[in-house]
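The residues making up each chain are set out below.
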Amino acid sequence: MTAIQAVYVRGHEERPDPKPHIVYRIEIQAHVRSWQMWRRYSEFVELHTELTKSTGSSPPAPLPPKNSLAILRGPFRDSSSMTEERRAGLETYLRAIISAKDDKWRECYAFRDFLGVPVGRLGTMAEGSTSSKQFSSSSWLDEHLELQAKIRDIRADINKRDALSDRGDVSASHTANVQAKKKLAETLSRVRTLKQGLQELGMAAMAQGELQRRTDMVARLQDDCEKLGKMVTVTRQAARPTAAPSSQGFTNVAVAPESDRAALLSLSKPVTRVFGAKKPQETEVTRPLDDQGLVQLQNTQMEQQDGQLATLTHILQRQRHLGEAIGAELAVHNELLDELNNDVERVGGKLSSAKKQLNRLG
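Predicted model only: the values in this text are computed from it and were never measured.

Quick question: what am I supposed to make of the environment of D153 here?
Within the secondary structure layout, D153 lies in helix α5 (residues 137-166). A residue is classified by how much of its surface remains accessible, and D153, at 38% relative accessible area, is partly exposed. Between the C-alpha atoms of D153 and K183, which are 30 residues apart in sequence, the distance is 8.4 Å.

Rendered as structure tokens:
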């Protein structure tokens, strides 16, 4: 839950209804907004039970124990030190979940609902839910920041996959690739929800300039997801020694040196026509790939260029529309200036006529 930066239990309050009890004020700070929630100790207990049942393990920090003698002391008879001790324990409990390396507790729906995370972002976590009608302007920005962090995580997984593949660890490389695909699928779903939420915010009288800016933000997210989708499907094949059978089993055969490879290629018919200033040469990217991999890499690069061209076309179209709007605005201003000039001339004529009449009277 990247958008949640900090959680504090700042204080408490005694309430008489429906029966005397104490509630604790929880302050939640996100990237661009903050809010507070009031929760009873019994609600913390329910949250702990739900998190343990949903994830199969207890949260990283225990709940402060319930004081069994509080009932004997009557309503509002807890000492300030006991209340402060429980408040500190509840804050430690929540902050341990927020800062834990494993995100299974903080990604649980019960925890998000407990902290009052906006419903528009909760909808992405509920099974089969794609509702986006509850997005506010600030929660939309929070979700966008979370998706940017998810995309960075996916890139890290892909880089990890490539590094493991280069070392020849096929199993770990495959696991990293599967993780990247799962995260990408979730991110694509959330980007679609974010786009729907923006459409509804646009119908809620959002400024046109801000709406266009956020539309471009969503377009960049979609472009990043498309590129990542191509990257997770193009697996790198590390150059490893091939094996050849022998009378004693399979033994490794070293790859032929570059000099032998160059000599072999020199036996073929020399290239007589090359487009461009330099002859094509292999790179570190193309050397480990076979023919099918080269074709797939070329197709991927062509699709990326097509995507960049489409983005450039969209930007140019937008610039054209802005230019046309500015031109129309200038035309309106010219008409207004012409009308003002005519009014000035008409008033000037009337002043001249009035001056002549005054001269005759004098």
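Is there a simple way to explain the pairing of strand β2 (residues 21-30) in this structure?
The two faces of the sheet receive side chains in turn, since in a regular strand these alternate between them. Burial analysis of β2 places seven of its ten residues in the buried class, which makes it a mostly covered element. As paired strands, strand β1 (residues 4-15) and β2 are joined by ten bridges and run antiparallel to one another. From the neighbouring strand, A6 faces β2, where its bridge partner is Q29. Sheet topology note: the β2/strand β3 (residues 34-40) ladder contains seven bridges and is antiparallel. For I26, the partnering residue across the bridge sits in β3 and is M37.

Just checking my understanding: could you explain the sheet that holds β1 for this structure?
Whether parallel or antiparallel, the strands of a sheet pair through hydrogen bonds between backbone atoms. The sheet built from three strands is open, its strands ordered β1-β2-β3 with antiparallel pairing. Sheet topology places β1 and β3 at the edges, where each strand pairs with a single neighbour. This sheet shows a mean twist of 25° between the axes of neighbouring strands, independent of strand direction. Where helix α1 (residues 41-55) meets the sheet, it contacts β2 and β3, and its direction lies at approximately 95° from that of β3. Each of β1 and β2 touches helix α2 (residues 80-99); the most contacted strand, β1, lies at about 155° to it.

Would you explain the packing of helix α6 (residues 170-203) against helix α7 (residues 208-233) in this entry?
Helix packing geometry: the angle between the two helix axes and the distance between the axes. The geometry of α6 relative to α7 is characterised by a closest axis approach of 10 Å and an angle of 160° between their N-to-C directions. Regarding the angle of α6 to α7, the classification is roughly antiparallel. Of the two possible hands of crossing, α6 and α7 adopt the one that is left-handed. In this structure, α6 contributes N177, A180, K181, L184, T187, L188, V191, L194, K195, L198, L201 and G202 to the contact, and α7 contributes L211, R214, T215, V218, L221, Q222, C225, L228, G229 and V232. Partitioned by chemical class, the residues of the contact of α6 with α7 number 13 nonpolar, six polar and three charged.

Help me out: how do you make sense of α2 in this one?
Structurally, the α-helix is built with 3.6 residues per turn, so residues lying three or four positions apart point the same way. With 20 residues, α2 extends 28 Å between its outermost C-alpha atoms, agreeing within 8% with the 28 Å of an ideal straight helix rising 1.5 Å per residue. Among all positions of α2, only T83, R86, R87, G89, L90, E91, Y93, L94, A96, I97 and I98 are buried. Buried residues along α2 sit in contact with β1, β2, α1 and α3 (109-115).

Explain the packing of aromatic side chains to me, please; I cannot follow it from the model alone.
Pairs of aromatic rings are described using the distance from one ring centre to the other and the angle between the two planes. Tallied over the entire structure, the rule returns one aromatic pair. Between the aromatic rings of F44 and F114, the centroid separation amounts to 4.9 Å while the plane-to-plane angle is 70°, which identifies the pairing as edge-to-face. Here F114 lies in helix α3 and F44 lies in helix α1, a separation of 70 residues in the sequence. Both residues of the pair, F44 and F114, count as buried.

Reading guide: rules and limits
Residues numbered from 1 in each chain as written. Predicted model: local features only at pLDDT ≥ 70, side-chain atom pairs only at ≥ 80, totals over all residues. Heavy atoms only, no water. Helix = DSSP H or I, 4+ residues; strand = E, 2+ residues; numbered from the N terminus. Buried < 20%, exposed > 50% of the residue type's maximum accessible area, 1.4 Å probe, protein only. Pairing = 2+ DSSP bridges. Axes fitted to C-alpha atoms, helices over the stretch in contact; angles between N-to-C directions. Contact = heavy atoms within 4.5 Å. Parallel < 35°, antiparallel > 145°, perpendicular 65-115°, else oblique. Left-handed = near helix turned anticlockwise from the far one by under 90°. Nonpolar A, V, L, I, M, F, W, Y, C, P; charged D, E, K, R; others polar. Expected span 1.5 Å × (residues − 1). Phe/Tyr/Trp six-rings, centres within 6.5 Å; stacked < 30°, edge-to-face > 60°.

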